[in-house]
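# Coordinates in review
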Amino acid sequence: MDILEKFYNMDVISAKQFKRSDVEDLIELSLKIEKNKEKFTNALHGKVMAALFFEPSTRTRLSFESAMLRLGGSVTGFSEAGTSSVKKGETLADTIRTVANYADVIVIRHSKEGAAKLAQQFSDIPIINAGNGSQEHPTQGLLDVLAIHDLKGTVDNLNVGLIGDLKYGRTVHSVAHLFSNFKSNLYFISPEQLKMQYRVKDSLTLKNTNFVETSNFREILPKLDVIYMTRIQKERFADLEEYAKVKDMFILTEDDLKIIKEDAIILHPLPRVNEIDPVIDSDPRAKYFEQTYYGMMMRKAILASVLLKDPLESLK
Amino acid sequence: MDILEKFYNMDVISAKQFKRSDVEDLIELSLKIEKNKEKFTNALHGKVMAALFFEPSTRTRLSFESAMLRLGGSVTGFSEAGTSSVKKGETLADTIRTVANYADVIVIRHSKEGAAKLAQQFSDIPIINAGNGSQEHPTQGLLDVLAIHDLKGTVDNLNVGLIGDLKYGRTVHSVAHLFSNFKSNLYFISPEQLKMQYRVKDSLTLKNTNFVETSNFREILPKLDVIYMTRIQKERFADLEEYAKVKDMFILTEDDLKIIKEDAIILHPLPRVNEIDPVIDSDPRAKYFEQTYYGMMMRKAILASVLLKDPLESLK
Amino acid sequence: MDILEKFYNMDVISAKQFKRSDVEDLIELSLKIEKNKEKFTNALHGKVMAALFFEPSTRTRLSFESAMLRLGGSVTGFSEAGTSSVKKGETLADTIRTVANYADVIVIRHSKEGAAKLAQQFSDIPIINAGNGSQEHPTQGLLDVLAIHDLKGTVDNLNVGLIGDLKYGRTVHSVAHLFSNFKSNLYFISPEQLKMQYRVKDSLTLKNTNFVETSNFREILPKLDVIYMTRIQKERFADLEEYAKVKDMFILTEDDLKIIKEDAIILHPLPRVNEIDPVIDSDPRAKYFEQTYYGMMMRKAILASVLLKDPLESLK
């Protein structure tokens, strides 16, 4: 990792934009900053991040903010559209063109597909997609890959199960795209109505990524090295009856602890509702809270990369 | 500009409080800080700005926050009254007396006329009016004058058209008051129901400022050096039928580009709804997005002026 | 005060956890930081405070934020649950476990009893209770004791009247617990329906604290050295008729100024609604606005104490 200048001024819109070496570089940078974190406390001094959260968020917003603050930068923005001029009918394009004049980087969360891509067209400063619509949440995917790499020692040759809502869950789409760079096997485990979207599967097929689709949760569990649970999101359903039918089908229970591998890791992008029995929290294989820490680590690496020509300047 | 101490500890309540030399000094200071911005990144270190936004805002709040942060200061506050003790029935006076004990400067946006003036009575620290009621938005007026000065090279001898809602629009009132210090001609172009308020016109008459009132938008357009469009604000109307009648009358269209001066500039305080056809955005005369950058510049100058005895200390 | 390390990494959950020497140490530290405040502007550089306000607040949140910022730290968080993942059904435990990975200290305000205590169980970083349910608001109690100590010169041998809603008001409970460490007399003055809770009185009795209960407001007033008024909180009443009956009974009026001691001090945790006639604001005995300044002072001392092994490091 000699030259990381390649990420300078980059927009982070989709997991699909990252190839294997990019992901590896970001993982390496995350770990390097973490190891030397005291040296990076002024790395982004004088830089301003605008966090534009049109949808509620705890993890993504707070970890981006903490990452920025811990690197010596500062933060402005809003945590709900209602306190902004969107309420007065302003278009996203106009909001972005304005905020691009105040900040050095924009982190955007939005309910609409393509919001980050649209923002990109109207901004001279880097746009980071902090989740939009049901397609993309690239920084979550990157932090998940970092967590898996750090906890399993590799991202290759693993059996990775993505479980739950694979149709509407933006996180699993980004994770799947990132894994298409590696030599692991993907298991898409979901109810029939919530199967992985074709556009993701087609993209994986083009990259010769092995994947298996199934709704047989417990048959696959013993094989998995990574058990990636997701919430079945009520807000994605038009029909609440459909929601009620599927929400309890893919729950990780105490009994499952006996059948899963001894060195498996259990992840979840959180928030969870009832997909994981709380009794599992104390099992050493449960890594979903540690996972959030990798979020701050990866977001530090991303912010430093897009804002600095040399993100490792602080080490010199 | 030897001594800027005159602004130290000043409240910014109304555009009317600024005379010609004050406006010129703030413009000069804005440009000086901008030219040397790297030297000002610690100018307000240790100072705290409280942003008390009782009404939603994107531009004003975020540009004030960015200005403060870029000068090395920090920010607290709220972006909607609902998260404050106002919800428990606290008066504005009590809120101000409290926050004045925590911060070094208060920036207030409020729906009520006179809110900033009331705040001033209960505060030992400077109050900056970030828009209240329909009368005043002095820092917007100042940034507009800065933008015009920088883009046209002067604020004198111009034909300045203020277009749209001149009755309820607080921005145009502040702009008009500030222009009464200069030798330009003002054109108040509005529907009959939204004519410029008498109190503003009386004030201009007292200062011998030339102004013309008309509802003939396209007849005046070719004369104008500055085309200042404003939104016809739905939230100011009691009667939605009256709103519907007037909202589409004063729209700048692609055809208008042929009749306006080649060196005219088009401004808008934003947010816009449909007053300016988006096709105009790419015309070099469209300056409403650049205008937002002048907002951060002017707000840096104002914050440095009221918080520092010598706002140019950082240059020494 | 040689070693303050005893507070390092401490959780602040209940006023009951502080003994006399603890309160005295925090008072001394508050005053020392205040006297040398210019030296403390980088004391918490690199530290991040997460302010998790599930309930609205002006004073508590803004004074904690200002305290943190003025000590050189930085702030993230939310000011209402609606912008967080609570909206998606996340439990408090999960929110805390997550935020504990991003911040160095969590300040939490919550409507539920025991929320801070629950948070404590799921956090590796210090939890500070910024008010939960109707039982506890320990940092408010501590700032009140600081204010009384500084304004009266002592916290012993005073007649301290707590007036208003002693049943639902969390502040008076914390004040009463803290006073059980000192040799003052407490007067609990309230309507019959809003008498001090048994659990508080039992705790005082165990510590041999003198207290008198009465609803005869004006009979007691002339005796008091400290007149601590509180709001009768509408939001605590299930029955609005009951609220209407009691809300006007315990109001401090201009006439009362003639009967209270010349050197009495009038305090109020604020916000007030109508418990204190505004005409009293200008009386020199009215100290409820100064009281808010002590809030920032005490919160600086608390944050420095829990985040630094040696909170006085900056003086060296």
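This is a predicted model, so every value here is computed, not measured.

Conventions adopted
- Residues numbered from 1 in each chain as written.
- Chains lettered and ligands numbered in written order.
- Predicted model: local features only at pLDDT ≥ 70, side-chain atom pairs only at ≥ 80, totals over all residues.
- Buried ≥ 20, exposed ≤ 12 C-beta atoms within 10 Å, placed from the backbone.
- Helix = DSSP H or I, 4+ residues; strand = E, 2+ residues; numbered from the N terminus.
- Pairing = 2+ DSSP bridges.
- Right-handed = clockwise from strand over helix to strand, strands pointing away.
- Axes fitted to C-alpha atoms, helices over the stretch in contact; angles between N-to-C directions.
- Least-squares fit on C-alpha atoms with pLDDT ≥ 70 in both.
- pLDDT = per-residue confidence, 0-100.
- Contact = placed C-beta atoms within 7 Å.
- Nonpolar A, V, L, I, M, F, W, Y, C, P; charged D, E, K, R; others polar.

What follows is about the pairing of strand 6 (residues 185-189) of chain A. Residue and element names in this part refer to chain A. Counting buried positions over the five residues of strand 6 gives four, a clear majority of the element. Sheet topology note: the strand 5 (residues 159-163)/strand 6 ladder contains five bridges and is parallel. Directly across from N159, in strand 6, lies its bridge partner N185. Remark: the strand 5/helix 6 (residues 170-179)/strand 6 crossover connection has right-handed handedness. Bridging between strand 6 and strand 7 (residues 211-214) involves four bridges; their strand directions are parallel. Opposite Y187, over in strand 7, you have V212 as the bridge partner.

Attention shifts here to the sheet that holds strand 4 (residues 127-132) of chain B. Residue and element names in this part refer to chain B. Taken together, the four strands give an open sheet; going across it, the order is 2-1-3-4, and neighbouring strands pair in parallel fashion. Sheet topology places strand 2 (74-78) and strand 4 at the edges, where each strand pairs with a single neighbour. With direction set aside, neighbouring strand axes in the sheet form an average angle of 15°.

We now examine the relation of the copies chain C and chain B. For the pair chain C and chain B, the relating rotation is 120°, the translation along its axis is 0.0 Å, and the fit reaches an RMSD of 0.0 Å. Considering both components of the superposition, the chain copies are consistent with a three-fold axis. Within chain C, S74(C) has its C-alpha nearest the rotation axis, a separation of 4.9 Å.

The next point concerns the sheet that holds strand 1 (residues 48-53) of chain A. Residues and elements named next belong to chain A. The four strands are arranged 2-1-3-4 in an open sheet whose pairing can be described as parallel. If you trace the sheet from one side to the other, it starts and ends with strand 2 (74-78) and strand 4 (127-132), each paired once. In this sheet, neighbouring strand axes are inclined to one another by 15° on average, regardless of whether the strands run parallel or antiparallel. Alignment of strand 3 (residues 105-110) against strand 4, held across four bridges, turns out to be parallel. Of the residues in strand 4, the one forming a bridge with V107 is I128.

Turning our attention to the confidence of the model for chain A. In low-pLDDT segments, the atomic positions of the prediction should not be examined closely. The predicted model of chain A averages 94 in pLDDT, with 98% of residues at 70 or higher. Scored as a complex, the prediction yields pTM 0.96 and ipTM 0.95.

Facing the 22 residues of chain C at the interface are 21 residues of chain A. Sorting the residues of the side of chain C that touches chain A by element identifies strand 1 (48-53), strand 2 (74-78) and helix 3 (92-99) of chain C as the ones contributing at least two each. Ranked by residues supplied to the side of chain C that touches chain A, first place goes to helix 3 of chain C with five residues. Class assignment for the residues of the side of chain C that touches chain A results in six nonpolar, 11 polar and five charged.

One can find M296(C) in helix 11 (residues 288-307). Expressed as a C-alpha distance, the spacing of M296(C) and P284(C), which sit 12 residues apart in the sequence, is 21 Å. Contact partners of M296(C), with chain neighbours within four places excluded, come to N101(B), Y102(B), S63(C), S66(C) and A67(C).

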